Amino acid sequence: MTPEEQDQVRARQKSRAVVTGLLLGFLVILFFAITLAKIGASHNI
Amino acid sequence: MTTATLTSAPVTAHWRDFLALTKPRVMTLVVYTGLAGLLAAPGRIHPVLAFTAILCIALGAGAAAALNQWYEADVDAKMKRTASRPLPAGRMDRQSALHFGVGLSFFSVILMGMATNWLAAAVLAVSILFYVIVYTIWLKPRTAQNIVIGGAAGAFPPVIGWAAVTGDIGALPVALFMLTFFWTPPHFWSLALFVRTDYAAAGIPMLPVVSGEVATRRQIWLYTAIMAIAAMAPVLLRLTGLIYGTAAFVGTAIFAVLAFEVYRRRETDPARMTPERRLFKYSILYLFLLFGAVVADRWLLA
């Protein structure tokens, strides 16, 4: 693998890591919101 | 020229290739019909849970699309329209697509069950399995009626959206299922008429390839007639009001006129198939219109 190809792979790995991180952050917020919605719903009954 | 890396060493795919694997454009119609089913359902659902339900329908559709491309990578490589997809172009290895698709399937179904109810999750699981196993693996390579039965997979979203709210399956989502089910053949075959050469090269038994164009045009007309009955069923069963009734009547009448024109024509040159392209484009607008009308009916006339 040439240095150029290696740089390209590194750049892709980095962008994948960033996107995965953002998705995980989104899921944390979503699960928190789902939990609040579920607790709120049971509270009303 | 692009198939060389299909079985070679793993490649580091770009995250955009994973996104492309989920066919985001097909997803819009699935999300729209799922949302319509959810909004047309009686009862209340917390907005966060409604959002999660729609997200799960979208993720499930994306998972099914990824598994479809995992299975069909060799076939996709032979068609101009699909040769640039991540797998046939060699930008991703097949294992990654399989793991991504299976993982996303489980995630979407489990999240749906946790956030809404397990009936909605079960229908979502059935729709994914139906698309991948019944359509992609079983019917598509074997019969020219493949997309008729396979269309059922695309008809599930309104049922899932409804079930997410109510926890059951009512008559209206079943009617919407039938509408989408019988809409698929004229929608897809009008496309198959003008991209026929592509399917022929890949050896997929699409109706125009197997039975000829005249038979395809006749079948488009036939399924349009059945679709018209399905479109009017909610009106006849008094499940909807005036807005849907008017939209369905006018929309279906225009559909029938366009389909009849396609039925009468004998054009074989794809470059001169303007009415066929028009029917294909209108069919998408038609489904958007009718599903929008169902929701408008429920929200404005309730």
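The rules we used
- Residues numbered from 1 in each chain as written.
- Chains lettered and ligands numbered in written order.
- Predicted model: local features only at pLDDT ≥ 70, side-chain atom pairs only at ≥ 80, totals over all residues.
- Heavy atoms only, no water.
- Helix = DSSP H or I, 4+ residues; strand = E, 2+ residues; numbered from the N terminus.
- Buried < 20%, exposed > 50% of the residue type's maximum accessible area, 1.4 Å probe, protein only.
- Rg over C-alpha atoms; globule rule 2.2 N^0.38 Å.
- Contact = heavy atoms within 4.5 Å.
- Buried area = accessible area lost by both parts, 1.4 Å probe.
- Salt bridge = Lys/Arg side-chain N within 4 Å of Asp/Glu carboxyl O.
- Polar contact = N/O pair within 3.5 Å; in protein donor to acceptor, adjacent residues only side chain to side chain.
- Nonpolar A, V, L, I, M, F, W, Y, C, P; charged D, E, K, R; others polar.
- Domains from an automatic or database assignment.
- Axes fitted to C-alpha atoms, helices over the stretch in contact; angles between N-to-C directions.
- Parallel < 35°, antiparallel > 145°, perpendicular 65-115°, else oblique.
- Left-handed = near helix turned anticlockwise from the far one by under 90°.

Caption draft 1: Structural detail: the overall build of chain A. Each helix and strand in chain A was counted, giving one helix and zero strands. Within chain A, buried positions represent 11% of all 45 residues.

Caption draft 2: View of the overall build of chain B. Across its full length, chain B holds 14 helices and zero strands. For chain B, the α and β elements follow one another from N to C terminus as α-α-α-α-α-α-α-α-α-α-α-α-α-α. In terms of overall dimensions, chain B is globule-like: its C-alpha atoms have a radius of gyration of 20 Å, near the 19 Å expected for 302 residues. Its C-alpha atoms put chain B at 60 × 50 × 25 Å along the principal axes.

Caption draft 3: Just the interface of chain B and chain A, in detail. Across the boundary between the two partners, chain B contributes 16 residues, which contact 14 residues of chain A. Overall, the association of chain B and chain A removes approximately 1,300 Å² of surface from exposure, summing both partners, and the carbon and sulfur fraction of that is 75%. In terms of surface lost to chain A, no three residues of chain B exceed B:Thr12, B:Trp15 and B:Val48, which account for 38% of the buried area on that side. Taken together, the connections running from chain B to chain A amount to zero salt bridges. Taken together, the links from chain B to chain A amount to four residue pairs in polar contact (both at pLDDT 80 or more). For the side of chain B that touches chain A, the secondary structure elements donating two or more residues are α1 (15-21), α3 (47-71) and α5 (94-115) of chain B. The element contributing the most residues to the side of chain B that touches chain A is α3(B), with five residues. The residue inventory of the side of chain B that touches chain A, partitioned by class, reads eleven nonpolar, five polar and no charged.

Caption draft 4: A look at the domain arrangement of chain B. Residues and elements named next belong to chain B. Domain annotation for chain B reports domain 1 (14-167) and domain 2 (170-302). Centre-to-centre separation of domain 1 and domain 2, based on C-alpha positions: 21 Å. Opposite the 30 residues of domain 1 that make contact, domain 2 presents 32 residues. The interface formed by domain 1 and domain 2 contains zero salt bridges. At the junction of domain 1 with domain 2, the criterion picks out six residue pairs in polar contact (both at pLDDT 80 or more).

Caption draft 5: Focus on the environment of B:Phe288. All names here are of chain B. Mapped onto the elements, Phe-288 comes out in helix α14 (residues 274-300). Residue Phe-288 is classed as partly exposed on the basis of its relative accessible area, which comes to 29%. With 259 residues separating them in the primary sequence, Phe-288 and Leu-29 have C-alpha atoms 7.8 Å apart. Filtering out sequence-adjacent residues up to four positions away, Phe-288 remains in contact with Leu-29 and Tyr-32.

Caption draft 6: Up close: the packing of helix α9 (residues 171-194) of chain B against α14(B). Residue and element names in this part refer to chain B. One way to put it is that α9 packs onto α14 with a least axis distance of 7 Å and a crossing angle of 165°. The orientation of α9 relative to α14 falls into the category roughly antiparallel. The two elements α9 and α14 cross, and the hand of that crossing is left-handed. Every residue of α14 that contacts α9 at Leu-172, Leu-176, Leu-179, Thr-180, Trp-183, Pro-186, His-187, Ser-190, Leu-191, Leu-193 and Phe-194 is listed here: Glu-276, Arg-277, Leu-279, Phe-280, Ser-283, Ile-284, Tyr-286, Leu-287, Leu-290, Phe-291, Val-294 and Arg-298.

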